[in-house]
Amino acid sequence: MSKRRSSPGSSRRNFLKGAGLVGAAAAVTPPVAGNAMPAVPADKLKAAIPGPRQVAAETMPPGSDPVNQTSSGGDYMTDVLNSLGVEYMTINCASSYRGLHEAIVNHGNNKPEIITCVHEDIAVHMAQGYAKIEGKPIAMACHGVVGLQHATMAMYNAWCDRVPVIVFGGNIMEADKRAPGAEWLHAGVDIGQIVREFTKWDDQPASLQHFGESLVRAYKIATTPPMGPVFIALDAELQENPIPNPAALRIPKFAPVVPPQGDSGAIAEAAKLLVAAQNPVILCDRVARTPAGMANLVALAETLQCAVIDNAGRMNFPSRHPLNQSFRRGIIGQADVILAIEMNDLWGSLTRFSDRIERRSGPAYKPGTKIITLGVRDLYLKSNYQDFGRWQDVDLDIAGDGEASLPALTEAVKRLVDEGRKAAFDERGQKLAKAHLAMVEQSKIDATIGWDSSPITTARMCAEVYNQIKDEDWSLVGTSIRLSWMHRLWNIKKPYQWNGGSGGAGVGYNLPASLGAALANKKHGRFTVAFGGDGDFMFGPGTLWTAAHHKIPMLYIVHNNRAYHQEYMYLVAMAARHGRGVEKMDIGTTIKDPNIDYATVARGMGVHGEGPITDPKDLAPALSRAVAAVKAGETAVVDVVTDPR
Amino acid sequence: MNRCKRIAVTVLAVTAMGLGATGLASAQDAPKGDAANGKTIFLRDGCFTCHGRSGQGGAYNGPAPILAHTALPFDGFKGQIRNPANDMPAYSDAVLSDKEIADIYAFVQTLPGAGSPKDHPILNN
């Protein structure tokens, strides 16, 4: 039995026998006189005379403590993980799941592959970034109490981003099995409660078979749209102890849920509205779950020859598609029908809002505009955290997975298009294409302003990076707050060339999530590139050690404006509103004095470092060296000292 | 952080519309300002945080317009500072005097505006 056996003969399986012994002892031990509670009268005691086994148990010395076992619950857990095709488990090692950890390494021959992380936040964010590139979850493991508390911010990002992550937290359920000290500090009755408001499901299995069914159920729930993180508490005894009856255990069969399509009648009604519209606009955020998602959206947009505004929560629509009007949001005001697909914050996208003393808002669309929604987001909401956003009135609300429903909607549209409408669509498409081209040209013109300035403009930085990687099979997997030059200047067109943002806007996402995406890209031979702010970087610089240790190639550009710049601007606005000086608003909002040398930090973690680059003329050579390092299998960090935005 | 996602019509567009309607004075009619002092204020008092040190524009809650070599007349420029459209903070005369606004205006006039993308081949990838 495990070392946690608190006294001979007191294991769970000996519980009843122990109780019998207590009863026998009570029969022969007189109650303490005086203040003792009245006991059952002695003449009512009917204890049996101890039999040979009880006599032996009381008189024989305890048996020797077993020191070896030939199986462990962790072996079975490993087998279940592998049955689901979970490729990696990102971890920060912890004794409360040491049974599973050891089993994966030895029984599973390090399959799923352990990815060592130096913080739980990094481990979850890596899993988030991975899932958005690979289209399936990996696991993450941590201490169920102290590790899970570190992991919560990243789990919240994954929740808001609708990304599946399987999180394990070790626990020691039975109090009498906990060692003195840390095991009490690291155990809980309901350790999943701190993440329950931002996970789709959680469980604490009490047996191995229970674990098997819980994990398969968790995997299914996590990967069923709307996707999201799940949590399983792992009892240490269950992981570490021998499997009581291996022949009785089975690995449950996993069959993925086929995502639901929108009701056919509702789809037909939506098609009717869209075909009749003069200026329909498609608004989207997290449509593409698979490589088919973008193709499905392109097919609908091209059939309608309508504008698409992409909030870029996923790789929904090519950046240079003529119908992409994402940087012409004013056209929402001209729309007569808006089709909103898998939107995260529909009200926010359809509203003009002023962050003034009196916060005012009003619709950005004209009266009478018909609003259709298609998506599954609202099928699973929780109460506490308000990530569901403000209520938005709509006219037709279709519950159905966007990607899965798009082909049916496109076919329904095609059936309604006659020659007259087709001609109108073509004319509309030509106008939109012209506007798109003008927008691209204007972006290039705007990018020239301050071209040779120091600090370097963000436009110059993005243009220089693209020039270095454009001929690679690149995958852009991260950007800093409001850095949109890539989507304005780059030709982003493949399903893996963008994977969205953090979801919850929790700082600390970019660096580790980008590395997780790079881990997924590695086996495909893709060149991973990401941008991230300096503030974000400092939430998890240890990510780079993981990159070095596991030899994960990635080009990471630090958009180093030496500030938490969004907050800097907010503070300036506060000072101006209050009629006070704004010159001190760098207090508490900037990261300077001393300036952080991110290239040196990178080299200290074992990866390639370039910078700080302050002169734009030095950028191309530095990037060239960094690209070479990445192609050689390294992660490379380029610290670019930039203007704020 | 949801504030980051707000949609705002650009200040530039709103301001330009207003100017078009009222026919305000041109840049040549602006009071003479001290561009050097304007630069100091521009970098000290937070203008650069949204509009960029080169006046190239940026983003706050929504897009922050380009100010480099602005074509905005001074009165419109000042009006936007005193009573801005959208989310730009209002700068009262307790924070920025008329003279200081004139200095900032003079400074942004000195900033080179947009060039041609043809001069930067990497913009044409």
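Residues numbered from 1 in each chain as written. Chains lettered and ligands numbered in written order. Predicted model: local features only at pLDDT ≥ 70, side-chain atom pairs only at ≥ 80, totals over all residues.

Visitor: Could you clarify how one ought to interpret the overall build of chain A in this entry?
Guide: In terms of helices and strands, chain A carries 22 helices and 18 strands. In terms of its C-alpha atoms, chain A occupies a principal-axis envelope of roughly 100 × 60 × 55 Å. Here chain A holds 645 residues, and 52% of them are scored as buried. In chain A, the proportion of contacts linking residues at least 24 apart, taken out of those at least 6 apart, comes to 81%. (Helix = DSSP H or I, 4+ residues; strand = E, 2+ residues; numbered from the N terminus. Buried ≥ 20, exposed ≤ 12 C-beta atoms within 10 Å, placed from the backbone. Contact = placed C-beta atoms within 7 Å.)

Visitor: Just to check I follow, could you spell out the overall build of chain B for this structure?
Guide: Scanning chain B from terminus to terminus reveals five helices and two strands. Ordered by position from the N terminus, the helices and strands of chain B form the series α-α-α-β-β-α-α. Residue pairs in contact within chain B that sit at least 24 positions apart in sequence constitute 73% of those at least 6 positions apart.

Visitor: What is the right way to look at the pairing of strand β11 (residues 360–363) of chain A in this model?
Guide: Each regular strand displays side chains that alternate between the two surfaces of the sheet. All names here are of chain A. Judged from the four bridges that link them, strand β10 (residues 351–354) and β11 form a sheet pairing that is antiparallel. Looking at β11, one finds that Phe-353 is bridged to Ser-361. Remark: five residues form the turn of the hairpin made by β10 and β11, two consecutive strands paired antiparallel. (Pairing = 2+ DSSP bridges.)

Visitor: Hey, could you run me through the pairing of strand β3 (residues 139–143) of chain A in this one?
Guide: Residue and element names in this part refer to chain A. Counting buried residues along β3, five of its five residues qualify, which places the element largely inside the surrounding structure. Relative to β3, strand β1 (residues 88–91) runs parallel, the two sharing three bridges. Residue pairing in the sheet places Ile-91 in a bridge with Ala-141 of β3. In terms of strand pairing, β3 meets strand β4 (residues 166–171) through five bridges, oriented parallel. Across the sheet, Met-140 pairs through a bridge with Val-167, a residue of β4. Once the chain exits β3 it traverses helix α6 (residues 146–160) before rejoining the sheet at β4, and the crossover so formed is right-handed. (Right-handed = clockwise from strand over helix to strand, strands pointing away.)

Visitor: In this structure, what is going on with helix α20 (residues 565–577) of chain A? I would like to understand it.
Guide: Helical geometry note: an α-helix holds 3.6 residues per turn, so side chains three or four residues apart project in the same direction. Residue and element names in this part refer to chain A. The first and last C-alpha atoms of α20 sit 18 Å apart over 13 residues, in line with the 18 Å expected at 1.5 Å per residue. Along α20, the residues classified as buried are His-565, Gln-566, Tyr-568, Met-569, Leu-571, Val-572, Ala-573, Ala-575 and Ala-576. Gly-579 sits one or two residues past α20 and shows a positive phi near 70 degrees. (Expected span 1.5 Å × (residues − 1).)

Visitor: Looking at this model, I keep getting lost on the packing of helix α3 (residues 73–83) of chain A against helix α8 (residues 208–223) of chain A. Mind explaining?
Guide: A pair of packed helices can be characterised by two numbers: the angle between their axes and the separation between those axes. Residue and element names in this part refer to chain A. α8 packs onto α3 with a crossing angle of 20 degrees between their chain directions and a minimal axis gap of 10 Å. Between α3 and α8, the crossing angle belongs to the class labelled roughly parallel. Considering the relative orientation of α3 and α8, their crossing is right-handed. Packed against α3, whose contacting residues are Gly-73, Tyr-76, Met-77 and Val-80, the element α8 presents Leu-208, Phe-211, Gly-212, Leu-215 and Val-216 at the interface. (Axes fitted to C-alpha atoms, helices over the stretch in contact; angles between N-to-C directions. Parallel < 35°, antiparallel > 145°, perpendicular 65-115°, else oblique. Left-handed = near helix turned anticlockwise from the far one by under 90°.)

Visitor: Explain the environment of Val-607 of chain A to me, please; I cannot follow it from the model alone.
Guide: By secondary structure assignment, the location of Val-607 of chain A is in the loop between α21 (598–604) and β17 (608–613). When sequence neighbours within four positions are dropped, the list of residues in contact with Val-607 of chain A reads Leu-544, Ala-547, Ala-548, Ala-602, Glu-634, Thr-635, Ala-636 and Val-637 of chain A.

Visitor: Teacher, can you tell me more about the sheet that holds strand β12 (residues 370–375) of chain A here?
Guide: Residue and element names in this part refer to chain A. Strand order in the open sheet made by the five strands is β8-β7-β9-β12-β13, with parallel pairing throughout. This sheet does not close on itself; its edge strands, each paired only once, are β8 (307–310) and β13 (396–399). Recorded for the sheet is a direction-independent mean angle of 15 degrees between the axes of neighbouring strands. As defined by bridge partners, strand β7 (residues 280–284) adjoins β8 across four bridges and the pair is classed as parallel. Within β8, the position partnered with Ile-282 by the bridge is Val-308.

Visitor: Hey, could you run me through the confidence of the model for chain A in this one?
Guide: Averaged over all residues, the pLDDT of chain A is 92; the fraction at 70 or higher stands at 92%. Note that pLDDT drops below 50 for residues 6–40 of chain A; the model gives that stretch 22 contacts with residues more than four away or on any other chain. (pLDDT = per-residue confidence, 0-100.)

Visitor: Is there a simple way to explain the interface of chain A and chain B in this structure?
Guide: Accessible area lost when the parts come together is the quantity often used to give the size of an interface. Between chain A and chain B, the contact holds 46 residues from the first and 43 residues from the second. Among the secondary structure elements, those contributing two or more residues to the side of chain A that touches chain B are α12 (346–349), β10, α14 (419–447), α15 (458–469) and α20 of chain A. The element that contributes the greatest number of residues to the side of chain A that touches chain B is α20 of chain A, accounting for eight residues. For the side of chain A that touches chain B, the residue count by class is 19 nonpolar, 14 polar and 13 charged. (Nonpolar A, V, L, I, M, F, W, Y, C, P; charged D, E, K, R; others polar.)

Visitor: How should unusual backbone geometry be read in this particular structure?
Guide: Residue and element names in this part refer to chain A. Following Ser-454, the chain continues into Pro-455 via a peptide bond in cis, with omega recorded as 0 degrees. Along the polypeptide, Pro-455 turns up in the loop between α14 and α15. Residue Pro-594 follows Asp-593 across a cis peptide bond; omega there is 5 degrees. Of note in the backbone geometry, Asn-110 takes a positive phi value of approximately 60 degrees without being a glycine.

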